[in-house]
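# Architecture at a glance
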Amino acid sequence: MRCVPGSHVPETTQTSTSTAKHTVNTTRPSAPASLTSTPDLIKRRVLPSVASSACPPLPVLVYATKSILEPTLVLAQIPSLLRLLVHLEILRNRAANTIHHVLLQSVQPSNHKSQGRVVLDDTERETLEKRTKASRLLAQRKVYRKIIDGCCLLHIHHLWRTYDESKDPPLTDHLIAYFPAFFTRDPDLRPNCEAALKQLPWHHDITEQELAENSLVGAQAAQFVLDAAQYAENPQQYCADHQCAQHRSSPVTSG
């Protein structure tokens, strides 16, 4: 079964079982015991029973996410983390829509026409209504987008520290992939920005307001790269220009 049937999800959003298999095989030795005991179960019971292109079950997605986050975030795996978070967000939306549908189709226990329909008492209905309250869903979405933009910015900082021009793609490629809303102002980069918005999963269903916020974080990322490059080229001049002591945290080390 394809993940989230009926939703228009970019193909790159699909977190396939092959991706889960890779995550299982690369679990860190320092991962908590609750995680290190999971890979064998996934290998024996989950992977053999589903197609390699199928969406992993929610517990597998959660396991893969935790294996990147715990005990400390693996910065090099942020792109994988972003894809997992996108899938969890899609499943969250699907759950909210399902609950909303249940509420519309439900009846009170006293209703004599309840046969074949969902029966909810007042407490159950109140609980489900709270979980699908518009303000609650909006707040959850805002938190999700802040996490996505924050992870993208953090990964740019990490890439600057580890960048190897002999084998790594230009840092600009990553900036465009993460912050197309900011770099689309450059006509030469606009086609790549449009492609990133259409193809990369962490931009799935992004709204105009979220694009504006993505642009603001993109400006921070661009400024960081500019400052870090200037500092690396001439630390003394950079500190003189920015009235900072050279021994203080530099853009290269403070990201």
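See the structure shown above.
First, a word on scope: everything that follows refers to the structure included in this document. (Residues numbered from 1 in each chain as written. Predicted model: local features only at pLDDT ≥ 70, side-chain atom pairs only at ≥ 80, totals over all residues. Heavy atoms only, no water.)

Moving on to the overall build of the chain. Along the chain, the regular secondary structure elements total 13 helices and zero strands. Its helices and strands in sequence order give the chain the pattern α-α-α-α-α-α-α-α-α-α-α-α-α, from N to C terminus. Long-range pairs, those at least 24 residues apart, make up 63% of the contacts in the chain with a sequence separation of at least 6. Of the roughly 15,000 Å² that the chain leaves accessible, carbon and sulfur atoms contribute 55%. (Helix = DSSP H or I, 4+ residues; strand = E, 2+ residues; numbered from the N terminus. Contact = heavy atoms within 4.5 Å. Areas by Shrake-Rupley, 256 points an atom, 1.4 Å probe, with all protein chains shown as cover.)

Take the pattern of salt bridges next. Evaluated as defined, the whole model comprises six salt bridges. Of the charged contacts, one joins Arg141 and Glu89 as a salt bridge, the two residues approaching to 3.2 Å between their closest N and O atoms. With a gap of 52 residues between them, Arg141 in helix 7 (residues 134-162) and Glu89 in helix 5 (residues 78-105) connect regions that are remote in the sequence. Like Glu89, Arg141 is buried. When the shortest N-O distance is used, the salt bridge between Lys130 and Glu126 registers 3.6 Å. Pair noted here: Lys130 and Glu126 are both in helix 6 (residues 122-131), with a separation of four residues, about one helical turn. Salt bridges linked by common partners bring Glu89, Arg92, Arg141 and Glu210 together as one network. (Salt bridge = Lys/Arg side-chain N within 4 Å of Asp/Glu carboxyl O. Buried < 20%, exposed > 50% of the residue type's maximum accessible area, 1.4 Å probe, protein only.)

What follows covers the side chain of His155. Of note, His155 is situated in helix 7. His155 gets classed as buried once you look at its relative accessible area, which sits at 4%. Setting aside chain neighbours within four positions, we find His155 in contact with Leu75, Ala76, Ile78, Pro79 and Tyr178.

Here we take up the side chain of Ser67. Here Ser67 lies in helix 4 (residues 58-69). Under the relative-accessibility criterion, Ser67 is labelled buried at 7%.

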